[in-house]
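Letter by letter, the chains look like this.
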Amino acid sequence: SPILNQPLSAKYVKSFAYPTFKERIPKIIDSVIECLNINYVKEKCEDEAVIQEVEIIKQKILNLRNSMVSDGDLLPFNLNSGIFAQITSVYNKMIEQLKKSNNGSSPTWFQTEWLFAECYLYYRLHEIFYTSNTFKHYDPFLAVKIDSLLASNDAVYTLAGLLVETKEKTVPTGSKLEELFKFYLKCSLWGNKSDLSLSNGKAVGAEDTFSTFNEMDSEILVNDSRIAYDVLKKKDNTIDIILDNAGYELFNDLVFADFLIWSGIAKTVVFHGKNIPWFVSDVTPTDFKIIFDLLETKLKNENTLTLVNSWREYLDEGVWELKCEPFWTYPCDFSKMSSEAPELYKKLGLSDLLIFKGDLNYRKLMGDIFWEPTTSFKFALRGFEPTNVLALRTVKADTISGLPKGVFEELNAKEANWMITGKYALIQLLRK
Ligand code: F6P
Ligand code: MG
């Protein structure tokens, strides 16, 4: 079992870290190779040089897979061009530190910290593509991200309809506005159920979302949405959303952000994405662009068109903005932001509310530590307090904080896997 107050690691067979490196990620790697196999064959690709390069890439990916399953060493990176020089130096510095604390031996996949090793994997994959000639900006997960959004079309149409209907009325006040706030916040929260590293691209149906929201309230283990509403009462806030997954989740986040602007709760929303393909389905600038295009083409109806029109205006006018800072693909937890990315820490501190979406962001807030589950959220943040912080997370990994006494034990007795299915959720706020 993981050890209390220590970071999760695959050395603990009972941590989700273990099956992650044993089975889950090897399967993800296989799907990347499979995707190359399907698309880069003579019938589909005429350029022989490209096909040859794909063979080299596949070999490198296989080596990476082998290194993982045989608990090989995590070695320094050589990627030193552009923004990657900075990212690489952070990875390499951390490898050095881990080595030192390990009597000079390299960290290995199963023996080191899970968070570091999992970030290392996605950065290595990126390195393999980026150092090639023809695949520098290739995203091996792009197709699944698009397919899963298209497959969730029912839920997209339902939610688009609800938002358009909301926006046709005048902005309510008092408890009516609070109710709407909580509804759209829950859309954004439950949208996080749909990440592709766990679901393998399963579609989200409208029937299992909005109509069952009320029943799902009992699965929200901590719900600070009332206080979050309170924090934003002064209106015209600047809100930053640190995004998680592309596709259906991103759609829900955009809907929530639109509600925030329309209602006057926010005057600006800054979205934060990743510069490179990350944890399978995290939002890249391309994903952010593509969702707009899809809502105007393959997912088009009257409501999606209405929404995209206003969303494009928000972007043109700077009411919405997308930023992709290198820090989000560092292997660091967020308590290190003030030292590793002081400018970003300062900038985020000017925001009225930071909304952290998803499981990986939550792990980074917690330092991926196996906290005693009633440890307060504030304590578990270990000094990461740039401003008000709100976590919207469906629980997919074995780190958690702020649970009421007894809940952890009760859930353990009832459902052995409750921490890794995404069935349960948290709406946790640190008010600064
Ligand atoms: O914990 C399981 C896991 O797949 C991790 O690999 C990762 O932190 C996360 O869930 C991905 O989920 P999300 O997209 O919600 O961050
Ligand atoms: Mg994700």
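Before reading further, recall that the structure is shown in the block above.
All residue numbers here refer to positions counted from 1 along the written sequence of the relevant chain. Written order decides the labels, with chains lettered from A and ligands numbered from 1. Side-chain atom pairs in this predicted model are given and counted only at pLDDT of 80 or more, local residue features only at pLDDT of at least 70, and totals for whole chains, interfaces and linings cover all residues. Derived side-chain values reflect all non-hydrogen atoms in the structure, with water molecules and hydrogen atoms excluded from consideration.

With that out of the way, let us pick up the site of ligand 1. Residues are counted as near a molecule or strand when any one of their heavy atoms sits within 4 Å of it. In the vicinity of ligand 1 lie 17 residues, with Glu118, Asp244, Leu360, Arg363 and Lys396 positioned nearest. Within the side chain of glutamate 118, an N or O atom sits 2.4 Å from an oxygen atom of ligand 1. Nitrogen and oxygen atoms within 3.5 Å of one another constitute a polar contact, given that in protein one can donate a hydrogen and the other can accept it, and given that sequence-neighbouring residues count only through two side-chain atoms. Between asparagine 192 and ligand 1, the recorded distance is 3.0 Å, taken from a side-chain N or O atom to an oxygen atom. The Shrake-Rupley method, run with a 1.4 Å probe sphere, supplies the accessible areas, and residue values consider only the shown protein chains as cover. Protein chains bury 100% of the 380 Å² of accessible surface belonging to ligand 1 in isolation. The way it works is that DSSP assigns letters per residue, a run of H or I at least four long becomes a helix, a run of E at least two long becomes a strand, and they are numbered from the N terminus. Within the residue set of the shell around ligand 1, elements represented by two or more residues are α4 (114–130), α8 (196–199) and α16 (358–366). By residue number, the principal contributor to the shell around ligand 1 is α16, which donates 4 residues. Classification used: nonpolar for Ala, Val, Leu, Ile, Met, Phe, Trp, Tyr, Cys and Pro, charged for Asp, Glu, Lys and Arg, polar for all others including Gly. Residue composition of the shell around ligand 1, by class: 6 nonpolar, 4 polar and 7 charged.

This next bit is on the coordination of the magnesium ion (ligand 2). The rule for donors is simple: an N, O or S atom within 2.8 Å of the metal counts, and for Na, K and Ca the reach is 3.2 Å. Water is not among the atoms, so a site may look short of donors. Within the first shell, the magnesium ion (ligand 2) binds the protein through Asp244 (OD), Asn245 (OD1) and Asp282 (OD), at distances of 2.1 to 2.2 Å. Mapped onto the sequence, the residues coordinating the magnesium ion (ligand 2) show the spacing D-N-x36-D. Residue asparagine 245 is located in the loop between β2 (237–242) and α11 (248–262), and its partner aspartate 282 is located in the loop between β3 (266–272) and α12 (285–296); the two are separated by 37 residues in the primary sequence. Only protein chains enter the accessibility calculation, which uses a 1.4 Å probe; a residue is then buried when its area is under 20% of its type maximum, exposed when over 50%, and partly exposed in between. Accessibility expressed as a relative area gives 2% for aspartate 282, which makes it buried.

Attention shifts here to the pattern of salt bridges. When charged atoms on two side chains of opposite charge get close, those side chains can pair. In what follows, salt bridge is the name for a side-chain nitrogen of Lys or Arg lying within 4 Å of a carboxyl oxygen of Asp or Glu. Counted under the stated rule, the structure contains 28 salt bridges. Between arginine 124 and glutamate 127 there is a salt bridge, and its shortest N-O distance comes to 2.6 Å. Residue arginine 124 and its partner glutamate 127 are both found in helix α4; the two are separated by 3 residues, about one turn of the helix. Arginine 124 gets classed as buried once you look at its relative accessible area, which sits at 13%. On the basis of relative accessible area, glutamate 127 is assigned to the buried category, the value being 11%. Here lysine 346 makes a salt bridge to glutamate 343, at a shortest N to O gap of 3.9 Å. With lysine 346 and glutamate 343 both in helix α15 (residues 342–349) and 3 residues apart, the pair spans about one turn of that helix.

Here the focus is the side chain of threonine 394. Within the secondary structure layout, threonine 394 lies in strand β6 (residues 389–394). For threonine 394, a relative accessible area of 0% corresponds to the buried category. A distance of 2.8 Å separates the side chain of threonine 394 from the side chain of asparagine 192, its partner in a polar contact. By definition in these notes, contact holds between two residues if any of their heavy atoms fall within 4.5 Å. Excluding residues that lie within four positions of it along the chain, threonine 394 makes contacts with Leu189, Trp190, Asn192, Lys193, Asp359, Gly422, Tyr424 and Ala425.

What follows concerns the packing of aromatic side chains. Pairing of aromatic rings covers Phe, Tyr and Trp, the last through its six-membered ring, and needs centres within 6.5 Å; plane angles under 30 degrees mean stacked, over 60 mean edge-to-face, and all others mean tilted. Counted under the stated rule, the structure contains 45 aromatic pairs. Between tyrosine 91 and tyrosine 123, the aromatic rings sit 4.6 Å apart at their centres with planes inclined by 15°, giving stacked as the arrangement. Of this pair, tyrosine 91 sits in helix α3 (residues 84–100) while tyrosine 123 sits in helix α4, placing them 32 residues apart in sequence. For tyrosine 123, a relative accessible area of 0% puts it in the buried group. Pairing phenylalanine 181 with tyrosine 229 gives two aromatic rings, centres 5.3 Å apart and planes at 50°, and the pair type is tilted. With phenylalanine 181 in helix α7 (residues 174–191) and tyrosine 229 in helix α10 (residues 225–231), this residue pair connects regions lying 48 residues apart in the sequence. Here, a charge over a ring means that NZ of Lys or CZ of Arg falls within 6 Å of the ring centre while also lying within 35 degrees of the ring normal. Sitting above the plane of the tyrosine 130 ring, lysine 136 keeps its charged end 5.0 Å from the centroid. The ring of tryptophan 114 has arginine 363 lying over it, and the distance from NZ or CZ to the ring centre is 3.5 Å.

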